[in-house]
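One-letter residues, chain by chain:
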Amino acid sequence: MPGTAAAVGDEVDTEEVDTRPLDELLDDLYHGQERISQADIYRRAVAAELPAQLLSRLNALPEGEYAADEVTDLLGGSTG
């Protein structure tokens, strides 16, 4: 099902993807911010030149605003 947490996880083998750059980006983005839109997160990830696999995971998120814990739950990251 596109746009679900399961679909995001199914698109990329998370065991082979180093999520540390994504975790660092999210730490930076959410410093002093409660919610950030999917579009803003994706734009910043592109500007930070994150690997294509991580960009695909971010692009698969449904449009909307997310708190840090919501994003990490959906992406399977460790930032929180």
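For the structure itself, look to the data block above.
Calculation rules
- Residues numbered from 1 in each chain as written.
- Predicted model: local features only at pLDDT ≥ 70, side-chain atom pairs only at ≥ 80, totals over all residues.
- Heavy atoms only, no water.
- Helix = DSSP H or I, 4+ residues; strand = E, 2+ residues; numbered from the N terminus.
- Buried < 20%, exposed > 50% of the residue type's maximum accessible area, 1.4 Å probe, protein only.
- Areas by Shrake-Rupley, 256 points an atom, 1.4 Å probe, with all protein chains shown as cover.
- Core = buried A, V, L, I, M, F, W, Y, C linked by side-chain atoms within 4.5 Å.
- Axes fitted to C-alpha atoms, helices over the stretch in contact; angles between N-to-C directions.
- Parallel < 35°, antiparallel > 145°, perpendicular 65-115°, else oblique.
- Left-handed = near helix turned anticlockwise from the far one by under 90°.
- Contact = heavy atoms within 4.5 Å.
- Nonpolar A, V, L, I, M, F, W, Y, C, P; charged D, E, K, R; others polar.
- Arc of directions from axis to C-beta.

(A) Region of the structure containing the overall build of the protein chain. Scanning the protein chain for helices and strands turns up five helices and two strands. Listing the helices and strands of the protein chain from first to last along the sequence gives α-α-β-α-α-β-α. A buried classification covers 38% of the 80 residues belonging to the protein chain. Carbon and sulfur atoms make up 45% of the accessible area of the protein chain, which amounts to about 4,900 Å² in all.

(B) Broad picture of the nonpolar core. Ranked by size, the top nonpolar core spans 18 residues in total, and within it Tyr30 and Ile41 carry the most contacts. The set of elements that each furnish at least two residues to this core consists of helix H2 (20-29), helix H3 (38-47), helix H4 (52-59) and helix H5 (68-75). The leading source of residues in this core is H2, at four residues.

(C) Geometry of the packing of H2 against H3. Orientation of H2 relative to H3, taken along the N-to-C sense of each, is 125°, at an axis distance of 11 Å. Taken together, the axes of H2 and H3 are oblique relative to one another. For the element pair H2 and H3, the recorded crossing hand is right-handed. On H3, the residues that touch Leu25, Leu26, Asp28 and Leu29 of H2 are Ile41, Arg44 and Ala45. The residue makeup of the contact of H2 with H3, split by class, is five nonpolar, no polar and two charged.

(D) Structural view of the packing of H3 against H4. Relative to each other, H3 and H4 sit at 170°, their axes nearing to 9 Å. In terms of orientation, H3 and H4 fall into the roughly antiparallel class. Note on element contacts: H4 touches H3 through Leu55, Leu58 and Asn59, opposite Gln38, Ile41, Tyr42, Ala45 and Val46. Partitioned by chemical class, the residues of the contact of H3 with H4 number six nonpolar, two polar and no charged.

(E) Geometry of H3. Considered for burial, the residues of H3 that qualify are Gln38, Ile41 and Ala45. The arc enclosing the buried residues of H3, seen along the axis, measures out at 65°, which places them on a common side. Turned more than 90 degrees from where H3 packs its buried face, Arg43 and Ala47 sit exposed. Phi turns positive, to about 60°, at Glu49, one or two residues after H3.

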